[in-house]
Amino acid sequence: MRFQSAVRQAGLVVAIAALAVTAGCAKKDDGEVQASGVKLVEAGKLTVCTHLPYPPFQSKDASGKVTGFDVEIMDLVAKDLGVQQTIIDTPFEGIKSGQDLNTGKCDAAAAGMTITAERQKVMNFSDPYFDATQAMLVKTGKPYKSLDDLRGKKLGVQAATTGRDYARKFEAEKGLRLVEFEDLAAEQQAVANGQIEAAINDLPVWSEYLKKNPGGFQVAAEFDTGEQYGFSVKKDGNPELLKRINEALAKAKQDGTYDTIYEKWIGKRPSA
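Quantities reported herein were computed from a predicted structural model and do not represent experimental measurements.

Q: Residues and numbers for the pattern of salt bridges, please.
A: Taken as a whole and assessed by the stated rule, the structure comprises 15 salt bridges. With a shortest N-O distance of 3.4 Å, K121 and E118 are connected by a salt bridge. Neither K121 nor E118 differs from the other in exposure class; each is exposed. Between E208 and K211 there is a salt bridge, and its shortest N-O distance comes to 3.8 Å. Here the residue E208 and the residue K211 both occupy positions in helix α8 (residues 203-212), the gap between them amounting to three residues, near one helical turn. Judged by relative accessible area, which is 12%, E208 ranks as buried. Taking the relative accessible area as the measure of exposure, K211 reaches 52% and is therefore exposed. In the salt-bridge network here, residues are joined through shared partners; they are R164, D165, R168 and E180.

Q: Talk me through the pairing of strand β10 (residues 154-158); I want residue IDs and the actual numbers.
A: With four of five residues buried, β10 is to be regarded as a mostly interior element. In the sheet, β10 pairs with strand β11 (residues 177-181) via five bridges, with the strands oriented parallel. Its bridge partner lying in β11, G156 is registered against V179. Tracing the backbone out of β10, into helix α6 (residues 162-170) and back to the parallel element β11 gives a crossover that is right-handed. Judged from the two bridges that link them, β10 and strand β12 (residues 198-202) form a sheet pairing that is parallel. Considered in β12, the bridge of L155 is made with A198.

The rules behind the values
For every chain, the first residue of its written sequence is number 1, and the numbers climb from 1 along that sequence. Only residues with pLDDT of 70 or above have their local features reported here, since the model is predicted, and side-chain atom pairs are shown and tallied only from 80 upward, although totals for entire chains, interfaces and linings are computed over all residues. Derived side-chain values reflect all non-hydrogen atoms in the structure, with water molecules and hydrogen atoms excluded from consideration. By salt bridge we mean one thing: a side-chain nitrogen of Lys or Arg within 4 Å of a carboxyl oxygen of Asp or Glu. Exposure is judged per residue with a 1.4 Å probe applied to protein chains only, and the accessible area is read against the type maximum: over 50% gives exposed, under 20% gives buried, and values in between give partly exposed. Secondary structure elements follow DSSP: runs of H or I of four or more residues count as helices, runs of E of two or more count as strands, with numbering from the N terminus. Paired strands, as defined in this entry, are two strands with at least two bridges between them according to DSSP. For crossovers, right-handed means that the path from the first strand over the helix to the second runs clockwise, given strands pointing away from the viewer.

Written out as structure tokens, the structure reads:
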């Protein structure tokens, strides 16, 4: 009897432990509702996924701290919620697919990400917060002024981005040889060392690169694709957080904070 009782007790301990593990997993997936009414994956923190480096929107400074335009905007959201922003650097594919949000890796994504119909199927976007334009970078002195000039030449693109998608539309027509890079830094280096003749990415990214590398490179062409950036949250999974992000954006634009952050990281804001 004592043996059977011990077995039953051992089974009960295992069952309780299993329930605890299951509960822990559910807690991670479902998040925790804060005093603000917003559900967060970790109490006291607004966990934000991004992909580094992507200056001026997000990158590490000399001390290793992640800074940038997106970072400061999301800091406003965190402040409004009464929590601290925590940033997770993760591959862009996991962000744009919605996987990082769906698995509870982060509460929101802020990665200089264009709002597209395809991405809206797997995540919910905030109101647009930045108008983006694609551009082509070349070394100073190169003769390339348009995609037509790159027939048979290597053109760099960043994986999983709208810049890549734009270039693909003209790949066959203009005889482009597309070379795909996992991140911005690798794409920039490829232009610098002559591995590729030109590269496409967002204009503000190249503008920031030109500031840090004066004289060596130039933006040869701009492509007005009508893109707008948005922050994102889990698809239909965190409406209160999305509401608070939109409210923080609206408030920042109304009280001038947005313009201050824009001028700090991008430059003078174009008149509306």
